[in-house]
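Residue-level listing of the chains:
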Amino acid sequence: MSAVPDTTVVALKRTEGAERTLVCLGFCGGGTAAYHKWAAAMPAATDLLAVCYPGREGRFVEDFADSWGALAEDATAAVRAATAAGGPYVLFGHSMGGWMAFDVTCRLAAAGDPAPEALVVSSCNAPDRGLTARDRFPAQRDGDGELLTWMSTHGLLPAHVLGDEDLTEMAVELMRADIRVRDTFTYGGAKVTVPLQVFSGADDPVVGDDAGTRWGGLTTAAHRHDVLPGGHFYTPEVWRTLPDRIPALTAPDGQPHTPPTGHTDRRRAA
């Protein structure tokens, strides 16, 4: 990996002679912690890296990004550095991170940098409609209590945070910073040229039923849509083992076992 601080690209699993890398981008209000438990579920010979955005974890002393463009530039630089050594990689993003992963893939292509073998987006509507009312949850207008309720009900906010006033204050500050960035997002009209896999929760109140179809229109390659049990973060067991559901991590050619281009494979998984 090139010269990038390990506070920006966090290595969650390193394997000698790794054949592929899964690079994860964070969701609104989150960091890299949610991906730590994936290390045990990674396929053999696959590294696991997570990008840390400014203003959190090891980058706590840095200012939050003040716009979508600024955060996307930061994330693109991080992914570029994380994959500079070469070798195939899969790019993953959850919720706001799904849009970020899509944007980063487009930016890498525009710069002539190596593209991921596959793009995997999770719990997010397709960005081609722009930021709709459905996507503005949680919202800037929400009070601190409402944000904490959202994070504890629909997110992965650890229980111990709710019992610590300082930690809850930090969690709310981080969420508000990411909401402000999210709300500056605009869709620029680009498509990706890599295979695309979409995950959504059967009971997620944020993601529309047409998410898989609309996302499929944003790639010129094959795509598939998997509907998983649970809400925005599925069920704890599904989240913990989500890498097992990404065929691109084990397929010899990185393909996510998709139908022909132009068709959405909507699979409801147990």
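Quantities reported herein were computed from a predicted structural model and do not represent experimental measurements.

What counts as what
- Residues numbered from 1 in each chain as written.
- Predicted model: local features only at pLDDT ≥ 70, side-chain atom pairs only at ≥ 80, totals over all residues.
- Heavy atoms only, no water.
- Helix = DSSP H or I, 4+ residues; strand = E, 2+ residues; numbered from the N terminus.
- Rg over C-alpha atoms; globule rule 2.2 N^0.38 Å.
- Buried < 20%, exposed > 50% of the residue type's maximum accessible area, 1.4 Å probe, protein only.
- Core = buried A, V, L, I, M, F, W, Y, C linked by side-chain atoms within 4.5 Å.
- Contact = heavy atoms within 4.5 Å.
- Polar contact = N/O pair within 3.5 Å; in protein donor to acceptor, adjacent residues only side chain to side chain.
- Axes fitted to C-alpha atoms, helices over the stretch in contact; angles between N-to-C directions.
- Parallel < 35°, antiparallel > 145°, perpendicular 65-115°, else oblique.
- Nonpolar A, V, L, I, M, F, W, Y, C, P; charged D, E, K, R; others polar.
- Patch = residues over 30% accessible without salt bridge, like charges linked within 9 Å, V, L, I, M, F, W, Y side chains within 5 Å.
- Areas by Shrake-Rupley, 256 points an atom, 1.4 Å probe, with all protein chains shown as cover.
- Salt bridge = Lys/Arg side-chain N within 4 Å of Asp/Glu carboxyl O.
- Phe/Tyr/Trp six-rings, centres within 6.5 Å; stacked < 30°, edge-to-face > 60°.
- Arc of directions from axis to C-beta.
- Disulfide = S-S within 2.5 Å.
- Expected span 1.5 Å × (residues − 1).

A. Spatial organisation of the overall build of the protein. Across its full length, the protein holds seven helices and eight strands. Against the globule reference of 18 Å for 270 residues, the protein gives a C-alpha radius of gyration of 17 Å, in line with a compact fold. Here the C-alpha coordinates of the protein stretch approximately 50 × 40 × 35 Å along the principal axes. Taken across its 270 residues, the protein has 55% of its residues classed as buried.

B. Broad picture of the nonpolar core. Counting residues in hydrophobic clusters, the biggest one holds 51 residues, and the most contacted among them are Leu25, Val79, Leu91, Met100, Leu119, Met151 and Trp215. If you tally residues by element for this core, the top one is helix α2 (residues 96–111), at eight residues. The contacts of Met151, once residues within four sequence positions are left out, are Leu156, Leu157, Ala171, Val172 and Met175. If you look at the next biggest cluster of nonpolar residues, it comprises 26 residues, including Tyr35, Cys52, Leu228 and Ala248.

C. Examining the side chain of Arg182 more closely. With respect to the helices and strands, Arg182 occurs in helix α5 (residues 165–182). Using a relative accessible area of 5% as the deciding quantity, one classes Arg182 as buried. In terms of polar contacts, Arg182 uses its side chain to reach the backbone carbonyl oxygen of Asp135, at 3.4 Å. Setting aside its immediate chain neighbours within four residues, Arg182 contacts Trp68, Met96, Leu131, Asp135, Arg136, Phe137, Pro138 and Ala139.

D. Spatial organisation of the environment of Gly130. With respect to the helices, strands and loops of the structure, Gly130 is situated in the loop between β5 (118–122) and α3 (144–154). Ignoring anything within four residues of it in the chain, the contact list for Gly130 reads Trp99 and Asp135.

E. Quick look at the packing of α3 against α5. For the pair α3 and α5, the least separation of the axes is 10 Å and the interaxial angle reads 90°. Looking at the two axes, α3 sits roughly perpendicular to α5. For the pair α3 and α5, contact is made by Asp144, Leu147, Leu148, Trp150 and Met151 and by Thr168, Ala171, Val172, Met175, Arg176 and Ile179, respectively. Each residue belonging to the contact of α3 with α5 can be placed in one class, and the counts come to eight nonpolar, one polar and two charged.

F. Region of the structure containing a nonpolar patch on the surface. Together, Phe60, Val61, Leu167 and Met170 make up a nonpolar patch on the protein surface, roughly 410 Å² of accessible area in all. Residue position: Met170 is located in helix α5. Classification of Met170 as partly exposed rests on a relative accessible area of 41%.

G. Geometry of the packing of aromatic side chains. A complete count under the given rule lists 11 aromatic pairs for this structure. Three or more aromatic residues joined by ring pairs form one cluster here, namely Phe27, Tyr35, Trp38, Phe92, Phe233 and Trp239.

H. Layout of α3. Every buried residue of α3 is listed here: Leu147, Leu148, Trp150 and Met151. Down the axis of α3, the buried side of the element spans an arc of 155°, and every buried residue falls inside it. Along its buried surface, α3 packs onto α4 (159–162) and α5.

I. Geometry of the state of the cysteines. Inspection of the entire model under this criterion finds zero disulfides. In this structure Cys28 is a free cysteine whose sulfur lies 12 Å from that of Cys124, the closest cysteine sulfur available.

J. Representation of α2. Here α2 contains 16 residues, and its C-alpha end-to-end distance of 23 Å stays within 8% of the 22 Å for a straight helix at 1.5 Å per residue. Residues Met96, Gly97, Gly98, Trp99, Met100, Ala101, Phe102, Asp103, Val104, Thr105, Cys106 and Leu108 constitute the buried set of α2. Looking at the buried positions of α2, the neighbouring elements they touch are β2 (20–25), α1 (68–82), β4 (89–94), β5, α5 and α6 (211–216).

K. How the structure looks around the pattern of salt bridges. Inspection of the entire model under this criterion finds 14 salt bridges. Measuring nitrogen to oxygen at the nearest pair gives 2.8 Å for the salt bridge that ties Asp74 to Arg59. Here the residue Asp74 occupies a position in helix α1, and Arg59 occupies one in the loop between β3 (46–51) and α1, the gap between them amounting to 15 residues. Between Asp128 and Arg214 there is a salt bridge, with its nearest N and O atoms 3.0 Å apart. You can see Asp128 sitting in the loop between β5 and α3 and its partner Arg214 sitting in helix α6, a full 86 residues away along the chain. Look at Arg214 and you get partly exposed, because its relative accessible area is 28%. A cluster of three or more residues bridged by salt bridges with shared partners is formed by Arg59, Glu62 and Asp74.

Limitation: the analysis is restricted to geometry and does not speak to function.
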